[in-house]
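# Architecture and fold: a report
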Amino acid sequence: MWTEQASGSGTRRRWERSPEEELHTAQDGWWQMTLRALRTLLLFSIILGLSLLLWGYVFQGCGPSPCKTSVCQDLLDLYLASGNTSVAPCTDFFSFACGNINRTGSPFQALAEENKRRVRRILETPGSWRLAPGEEKAFEFYNSCMNMSAIEAAGASPFRQVIEEIDQPELDVLLKQKQEPNYAQILREYLSYLNRLVTLLGGDPTKVGNDASYSLFINSQLNQFLRPGEQQQAQGKVFEMVTIDQLQRVAPAIDWLSCLQATFAPMSLSPSYHVAVHDLEYLKNMSQLIEKDLMKHRDFLQSHIIFGLVKTLSPALDSQFQEAHRSLSQKVGELTGRPPMPVHPRWMTCVEKTEAFFEPTLATLFIKETFKPSTHSAAMELFTTIKDTFISHLHTVPWMDRETRAEAQDRLTQLQVKMGPSEWALKPDPARQEYDDVQLGPSFLQTFLSCVRSRQARVIQGFLQPFSSHRLQVLPWGLKASYSIPDHVMVFPAGLLQPPFFHPGYPRAVNFGAAGSIMARELLHIFDQLLLPGGCPACDTRALQKALLCLERLYAALPSPKGTSFNVSRTLLEDAADAGALAIALKAYKKRLVLFRGETILPNLDLSPRQLFFRSYAQVSRRHLPPGLNPRGINTLLLLLRESLLPETSPRSVPNPLLHKSTPSPFHTCALGTVLHPTINSSTESSTPFKKKEEKKNPKFLLEMRPTFVFSHFF
């Protein structure tokens, strides 16, 4: 209630509570405190509940579950066949991942053969495709090639009929310098081969010896004119630009203008037209040989050219010619220590020739058959993640200056990528017009020659066309990505983005480990120039050279089989790309794990997602390692890569300046002291250079270091 009180300055009023009101106020305060406590408890309960839900979402919902689809089962079967699961991965990772690869074959070789089988299935089911007029010739050519009974029945007769139609055969040069071991025996084998060819062609038996001996003489002389590629590079004469008139004066025995005009018709040539000559000195010596000896024996020269035709046309000849050439290659291989020529089934030879002659048609059909929209979408998503990770990673490269880093980011941002086919494979109309000049029959050899002429005409016609905005013509069934520097376009062929390297239904670890590392590697090669001397004047060249030297010493120290070696300096760019690609692909994969749930693994393989990543990477890494590197070297390399990816905070870890944060060990189950989990001295500096004295003293010196400097200071 209100009360009044007089004072010198006037009357003041104040509120005074009654005992009832004070009791009511105390009760309100208690209720307020109770409500506040209840609200706090409710908020805590909500936070706890949400935390439990989030934990369940992340760790239970996203926990690895086995992939039981057919594509995963096929991949599991491949891993089990190519690896050796009886070997402990912590002790010998290479044998665990690739122990039986010599029996199963290289994954790239197996994929190349599988792509040929895909083309074969296309060619053997013509009724499954809607073909434009003219495109049916590809299927007719394949069927004619497979009809060996008709080819055998024709014998050598078609070959004798068309010999004079060939203007420029590919000479079958098989012999090296006289310093070649077993040279005399090689000559006898080659002479026997030529005698057999003359007999098959129905030649005069009395002239067999003379013709064959003279062909040997020509080959021997021409081989002596050859210069090693290293010598040409040292002299700066790998290619020389000369006019046709200059070429005529250097090698006058051949009418070069008429010869080149016939070859490149309908191009109009003149004596002042420039041509690129690979070995001008060779052509000069060849011209002198023709003028000195061969023009006096034109019959022998004609026989030599006919002998050379057999190799070029052997796929179109009967089995006797093919067997003669295969037998020669095998015997020469045995005498020279070369690997024997592989014997391919007939269908594979016919597929290869059909691919060569009818690329436009088969390219379109191959894309439709093997590269569905879902595959394209998944591949683009993977590439985008790899590229974004690379762009963000550029901020951590210590030797790059600010301007170079900004330019590199712009180049990656502006890069155009064609995933699956390049544009030429998607255009239907050229294929419908380019086969008008292909004449089928009456013999397969005549069909073969008609296709040779048609393909040559298309190549020349391409020279006459203006450059398109994207001129890359990557074969869709190929396994090699391509990058056009002037167009700044990168193409990943559909044939590469196939199992076992990529599939939308695979666990992400598999796609990132195999296809993802390949994509990262191709992106890194865009910046090869920066690693070359003088390639980046504004960069910290001292830091860059230090990193390059460290990497060079690392690869030089890897063991190789006795009696073999490899030039580290020649493979330095490849080595840097391999190391950087693995780091970027793994970083991108970890980022993907954080953002998305539902990770899967292969059943019955007992590998965590990150271990599966490395298992997948092993399928593609072996292809890029320097020649001569043995399994122990691969174990060492994987160990060093693994050491650069472990956290520093635990006894099973090392710091990771590459990623600038701790990373859990992908081999966390390996016992301390095993090859993949060695004892690491935490005081060792990551940038410590290799010491030859220590290497000789302790062969395990490499395994006891933390060479993260190697992999963290390139890209």
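Residues numbered from 1 in each chain as written. Predicted model: local features only at pLDDT ≥ 70, side-chain atom pairs only at ≥ 80, totals over all residues. Heavy atoms only, no water.

## Regarding the packing of aromatic side chains
Taken as a whole, this structure holds 14 aromatic pairs when the rule is applied. With a centroid separation of 5.8 Å and 50° between ring planes, the pair formed by phenylalanine 141 and phenylalanine 358 is classed as tilted. Remark: phenylalanine 358 occurs in the loop between helix 17 (346-357) and helix 18 (359-370) and phenylalanine 141 occurs in helix 6 (residues 136-146); sequence separation between them is 217 residues. Residue phenylalanine 141 shares its accessibility class with phenylalanine 358, and that shared class is buried. (Phe/Tyr/Trp six-rings, centres within 6.5 Å; stacked < 30°, edge-to-face > 60°. Helix = DSSP H or I, 4+ residues; strand = E, 2+ residues; numbered from the N terminus. Buried < 20%, exposed > 50% of the residue type's maximum accessible area, 1.4 Å probe, protein only.)

## Observations regarding the nonpolar core
Membership of the largest hydrophobic core comes to 130 residues, with the highest contact counts inside it found for Phe159, Ile386, Met419, Phe492, Leu497, Leu523 and Phe613. The residues touching phenylalanine 159, leaving out its near neighbours within four places in the chain, are Leu201, Ile306, Leu309, Val310, Leu313, Leu317 and Leu445. Counting residues in hydrophobic clusters, the runner-up holds 20 residues, among them Ala251, Leu260, Val277 and Leu289. (Core = buried A, V, L, I, M, F, W, Y, C linked by side-chain atoms within 4.5 Å. Contact = heavy atoms within 4.5 Å.)

## What about unusual backbone geometry?
With omega at 5°, the peptide bond leading from glycine 441 into proline 442 counts as cis. Tracing the chain through its elements places proline 442 in the loop between helix 21 (429-433) and helix 22 (444-464). A cis geometry characterises the amide bond from proline 499 onward to proline 500, with omega recorded as 10°. Examined against the element boundaries, proline 500 turns out to sit in the loop between strand 8 (489-493) and helix 23 (508-525). Phi is positive for histidine 488, which is not a glycine, with a value near 55°.

## Some details on the side chain of threonine 370
Tracing the backbone shows threonine 370 in helix 18. On the basis of relative accessibility, which here comes to 10%, the residue threonine 370 falls in the buried class.

## Observations regarding the confidence of the model for the protein
In this model, the protein carries an average pLDDT of 75, and 67% of its residues clear a pLDDT of 70 or more. Across residues 680-714, confidence stays below pLDDT 50; counting only partners more than four residues off in sequence or on other chains, it has 72 contacts. (pLDDT = per-residue confidence, 0-100.)

## Considerations on the state of the cysteines
Across all of its chains, the model carries three disulfides by this definition. Disulfide pairing is shown between cysteine 145 and cysteine 350; the S-S distance is 2.1 Å. Residues cysteine 145 and cysteine 350 share a disulfide whose torsion about the S-S bond is about -80°; that sign makes it left-handed. Residue cysteine 145 is located in helix 6, and its partner cysteine 350 is located in helix 17; the two are separated by 205 residues in the primary sequence. (Disulfide = S-S within 2.5 Å.)

## Description of the pairing of strand 5 (residues 274-277)
Side-chain alternation along strand 5 places Val275 and Val277 on a buried face and His274 and Ala276 on a face that remains uncovered. Taken together, the four bridges between strand 4 (residues 240-243) and strand 5 define a ladder with antiparallel strand orientation. The residue of strand 5 that forms the bridge with threonine 243 is histidine 274. (Pairing = 2+ DSSP bridges.)

## Quick notes on helix 6
Lys137, Ala138, Phe139, Phe141, Tyr142 and Cys145 are the residues of helix 6 that are buried. Tucked inside the fold, the buried residues of helix 6 contact helix 5 (107-123), helix 7 (148-154), helix 17, helix 18 and helix 22.

## Describing a nonpolar patch on the surface
The grouping of Leu41, Phe44 and Leu48 at the surface amounts to a nonpolar patch, some 320 Å² of accessible area in total. Mapping phenylalanine 44 onto the fold places it in helix 1 (residues 19-61). For phenylalanine 44, a relative accessible area of 53% corresponds to the exposed category. (Patch = residues over 30% accessible without salt bridge, like charges linked within 9 Å, V, L, I, M, F, W, Y side chains within 5 Å. Areas by Shrake-Rupley, 256 points an atom, 1.4 Å probe, with all protein chains shown as cover. Salt bridge = Lys/Arg side-chain N within 4 Å of Asp/Glu carboxyl O.)

## Description of the sheet that holds strand 8
Strand order in the open sheet formed by three strands is 6-8-7, with mixed pairing between adjacent strands. Strands at the two margins of the open sheet, each flanked by one partner only, are strand 6 (416-420) and strand 7 (482-484). Sheet twist, expressed as the average angle between the axes of neighbouring strands with direction ignored, equals 15°. Here five bridges tie strand 6 to strand 8, and the two strands are oriented parallel to one another. Bridged to lysine 418 within strand 8 is valine 491. Contacting strand 6 and strand 8, helix 19 (residues 373-393) crosses the sheet at an angle of about 140° to strand 6. (Axes fitted to C-alpha atoms, helices over the stretch in contact; angles between N-to-C directions.)

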